[in-house]
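# Understanding the architecture of this molecule
Spelled out, the chains give:
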Amino acid sequence: MTFQGQNVLITGASKGIGAQIAKTLAGYGLKVWINYRSKPELAEALKHDIESSGNKAALIKFDASIEAEFIAGLKVIVESDGVLDYLVNNAGITNDKLALRMSVADFESVLEANLKSCFIGCREALKIMGKQRFGSVVNIASIIGERGNMGQTNYAASKGGMIAMSKSFAYEGAPRNIRFNCVTPGFIRSDMTDELKPEVAENYMKNIPLARFGEAEDVAQAVAFLLSNASAYITGEVLKVNGGLYM
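Residues numbered from 1 in each chain as written. Predicted model: local features only at pLDDT ≥ 70, side-chain atom pairs only at ≥ 80, totals over all residues. Heavy atoms only, no water.

The protein goes by 3-oxoacyl-[acyl-carrier-protein] reductase in an unreviewed UniProt entry, where it is assigned to Helicobacter jaachi. In the Function (unreviewed entry) part of its UniProt record, the protein is described as follows: "Catalyzes the NADPH-dependent reduction of beta-ketoacyl-ACP substrates to beta-hydroxyacyl-ACP products, the first reductive step in the elongation cycle of fatty acid biosynthesis." (UniProt positions renumbered as here; feature names shortened; annotations may be inferred.)

Encoded structure:
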């Protein structure tokens, strides 16, 4: 895969899928801006790993759900590099509980962190990338936004909204040669899945046609594809990375 642009911002990139996306994109030669909100030691360690491999990374601290902070962070990037070529909206949280026990505050907190942050990022990227008539944005949604899940009404709403919103941004970005796409991960191996009892993990995998949990690298490569020149004629699409769990 090749990339026309030079740099990428990944929100919520200090750990998990976001960190792997940063490593993968850096490996393709992009300068990666690692966004974090807390735990600077994780972001610093990731930056060190990337630079130790001979690739480029920089840190940028802001809360992606706070408009003024996100805009200020983007200003720092553009002042440093002159451009923002790619954006990955990855920041997000969960706050799971049955809908009957879910308060409006519980609901709104997840929409703020997941959907609102994605909207701010997409809107501001459209402004910045519109000036250069080039750019690509990938939003990390979820299989839960496609099929729903018990105890995750708020999370499903945020991720389903992200999918629909990305399609609308794709229409608005197309005249300016800016693409917006989504990746929807399924069960991806993490600290949480590693802690599952073997019989519980096996029960989950029985429902996955490929019979395994995905790896963060599976998601990262999907993101790389949608950002790269290899997908230059793809916009407004949803790439499922779920092992066939939801087709």
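The next point concerns the environment of Asn-139. Along the polypeptide, Asn-139 turns up in strand β5 (residues 135-140). With residues near it in sequence (within four places) discarded, Asn-139 still touches Asn-89, Cys-118, Cys-122, Met-162, Ser-166, Asn-181, Cys-182 and Val-183. Side chain to side chain, Asn-139 and Ser-166 meet in a polar contact 2.7 Å long. (Helix = DSSP H or I, 4+ residues; strand = E, 2+ residues; numbered from the N terminus. Contact = heavy atoms within 4.5 Å. Polar contact = N/O pair within 3.5 Å; in protein donor to acceptor, adjacent residues only side chain to side chain.)

The sites that carry the UniProt feature "binding site: NADP(+)" (unreviewed entry) are, in the present numbering, Asn-90, Tyr-155, Ala-156, Ala-157, Ser-158, Lys-159 and Ile-188. Position of Ala-157 among the secondary structure elements: in helix α6 (residues 153-173). Each residue touching Ala-157, except ones within four places of it in the same chain, is listed here: Phe-107 and Leu-111. In this fold, Ile-188 is placed in the loop between β6 (178-185) and α7 (191-194).

The next subject is the UniProt feature "active site" (unreviewed entry) in the protein. The sites that UniProt annotates as "active site" (unreviewed entry) are Tyr-155. Other than its neighbours up to four places away in sequence, Tyr-155 contacts Ile-93, Thr-94, Val-110, Asn-114, Ser-142 and Ile-144.

So, on to the side chain of Thr-184. Looking at the secondary structure, you find Thr-184 in strand β6. The class of Thr-184 is buried, set by a relative accessible area of 0%. Sequence-distant contacts of Thr-184, defined by excluding residues within four places in its chain, comprise Ala-141, Ser-142, Ile-143, Glu-146, Ile-163, Val-238, Leu-239, Lys-240 and Val-241. (Buried < 20%, exposed > 50% of the residue type's maximum accessible area, 1.4 Å probe, protein only.)

Per the stated rule, a full pass over the model turns up 8 aromatic pairs. Taken together, a centroid distance of 5.6 Å and an interplanar angle of 50° make the contact between Phe-3 and Tyr-28 tilted. Linking Phe-3 in the segment before β1 (7-10) with Tyr-28 in the loop between α1 (16-27) and β2 (31-36), this pair joins segments that are 25 residues apart in sequence. Accessibility expressed as a relative area gives 15% for Phe-3, which makes it buried. For Tyr-28, a relative accessible area of 31% corresponds to the partly exposed category. For the pair Phe-187 and Phe-213, a centre-to-centre distance of 5.7 Å together with 40° between the ring planes defines the contact as tilted. (Phe/Tyr/Trp six-rings, centres within 6.5 Å; stacked < 30°, edge-to-face > 60°.)

The next subject is the nonpolar core. Within the largest apolar cluster, 32 residues are counted, with the highest numbers of intra-cluster contacts made by Leu-25 and Val-32. The element best represented in this core is helix α9 (residues 216-227), accounting for 7 residues. When neighbours within four sequence positions are excluded, Val-32 is seen to be in contact with Val-8, Ile-10, Ala-22, Leu-25, Ala-26, Ile-50, Lys-56, Ala-57 and Ala-58. Among the nonpolar cores identified, the runner-up in size contains 31 residues, and Leu-9, Ile-77, Leu-115 and Ile-128 belong to it. (Core = buried A, V, L, I, M, F, W, Y, C linked by side-chain atoms within 4.5 Å.)

Right, let's talk about the sheet that holds strand β4 (residues 86-89) for a bit. The 7 strands lie next to each other as β3-β2-β1-β4-β5-β6-β7, forming an open sheet whose pairing is parallel. Whereas interior strands pair on both sides, the edge strands pair on one side only; in this sheet they are β3 (57-61) and β7 (238-241). When the angles between neighbouring strand axes are averaged without regard to direction, this sheet yields 20°. Relative to β4, β1 runs parallel, the two being bridged by 3 bridges. Within the sheet, the bridge partner assigned to Val-8 lies in β4 and is Tyr-86. Helix-sheet contacts for α6 involve β5, β6 and β7, and the interaxial angle to β6 is about 160°. (Pairing = 2+ DSSP bridges. Axes fitted to C-alpha atoms, helices over the stretch in contact; angles between N-to-C directions.)

Bringing helix α4 (residues 104-132) into the picture now. With 29 residues, α4 extends 41 Å from end C-alpha to end C-alpha; this agrees with the ideal 42 Å at 1.5 Å per step. In the structure, α4 departs most strongly from a straight axis at Glu-112, where the bend amounts to approximately 40°. In the segment just after α4, Arg-133 is the residue with positive phi, at about 55°. (Expected span 1.5 Å × (residues − 1). Bend = angle between axes of the 7 residues up to and from the residue.)

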